[in-house]
Amino acid sequence: NAGVMQNPRHLVRRRGQEARLRCSPMKGHSHVYWYRQLPEEGLKFMVYLQKENIIDESGMPKERFSAEFPKEGPSILRIQQVVRGDSAAYFCASSPPGLGGDEQFFGPGTRLTVL
Amino acid sequence: AQTVTQSQPEMSVQEAETVTLSCTYDTSESDYYLFWYKQPPSRQMILVIRQEAYKQQNATENRFSVNFQKAAKSFSLKISDSQLGDAAMYFCAYKDGGSNYKLTFGKGTLLTVNP
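Residues numbered from 1 in each chain as written. Chains lettered and ligands numbered in written order. Predicted model: local features only at pLDDT ≥ 70, side-chain atom pairs only at ≥ 80, totals over all residues. Heavy atoms only, no water.

What is the right way to look at unusual backbone geometry in this model?
Keep in mind that most residues, glycine aside, have a negative phi and that most peptide bonds are trans. A cis geometry characterises the amide bond from asparagine 7 of chain A onward to proline 8 of chain A, with omega recorded as -5 degrees. Secondary-structure assignment places proline 8 of chain A in the loop between strand E1 (5-7) and strand E2 (10-13). You will see that glutamate 52 of chain A, though not glycine, has its phi angle at about 65 degrees, which is positive. Within the secondary structure, glutamate 52 of chain A sits in the loop between strand E5 (43-50) and strand E6 (53-56). Judged by its relative accessible area of 56%, glutamate 52 of chain A is exposed. Positive phi, normally seen in glycine, also occurs at asparagine 62 of chain B, with a value near 55 degrees. Relative to the helices and strands, asparagine 62 of chain B is located in the loop between strand E7 (60-61) and strand E8 (64-69). (Helix = DSSP H or I, 4+ residues; strand = E, 2+ residues; numbered from the N terminus. Buried < 20%, exposed > 50% of the residue type's maximum accessible area, 1.4 Å probe, protein only.)

Help me out: how do you make sense of the sheet that holds strand E7 (residues 65-68) of chain A in this one?
Strands pair in a sheet through their backbones, by hydrogen bonds, and they do so in one of two ways: parallel or antiparallel. Residue and element names in this part refer to chain A. Pairing within the open sheet is antiparallel, and its four strands lie in the order E1-E3-E8-E7. Each of the sheet's edge strands pairs with one partner strand only, and the pair in question is E1 and E7. Each neighbouring strand pair of the sheet contributes to a mean axis angle of 15 degrees, computed without reference to strand direction. As defined by bridge partners, E1 adjoins strand E3 (residues 19-24) across three bridges and the pair is classed as antiparallel. Among the inter-strand pairings, asparagine 7 is bridged to a residue of E3, identified as arginine 22. (Pairing = 2+ DSSP bridges. Axes fitted to C-alpha atoms, helices over the stretch in contact; angles between N-to-C directions.)

Is there a simple way to think about the side chain of aspartate 86 of chain A in this case?
Residues and elements named next belong to chain A. Within the secondary structure layout, aspartate 86 lies in the loop between strand E8 (75-79) and strand E9 (88-95). Classification of aspartate 86 by relative accessible area gives buried; the value is 3%. Setting aside residues no more than four positions away along its own chain, aspartate 86 makes contact with Arg36, Arg64, Phe65, Ile79, Leu112 and Val114. (Contact = heavy atoms within 4.5 Å.)

Structure (structure tokens):
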């Protein structure tokens, strides 16, 4: 059973460009979470999604950030018009249905660098 | 809001010795989960150990054990017989019980293992 997969592992963008980060949850997992890790910090919750539904996006910046988890395909975290402050590691985690998210399995992360 | 505090930014230990990493948390909930995650240089987040608040018995996983003091809201991680591969950043994390799914992380403790 493959783990949580994220791609790309490294992404470089210039200010003003768009960044798209992809996350494929573990097989059988229908809950996806995105976290952001700024340098020298712990991970901070951004958004929680189930298939075709955003359950909680209280940790998402109000502008430029969006997330989706379509019926088919990976979850996408999209950052429009990136700025230097968006440089961070973005982690995706998944959990199976019914466990209340008490065990989340993390992907390897995508490191975004904004030039 | 729940908070997690790791007061030791860095710790070091000699190979084969024992080290304890500290974590305190603040919550008004009675039902919750606590976790220790390891983040090696690869940046992959790896679950080390988990504790349910309703269980009085401290969790253990091989060389890793916790000292869970619910009244003091303390959750320390003890690593016995330290190995070079234990060198990593260690994060303490908290999650409410029930349907709440957000993990709240501390800022981490960087553990160095000296040969």
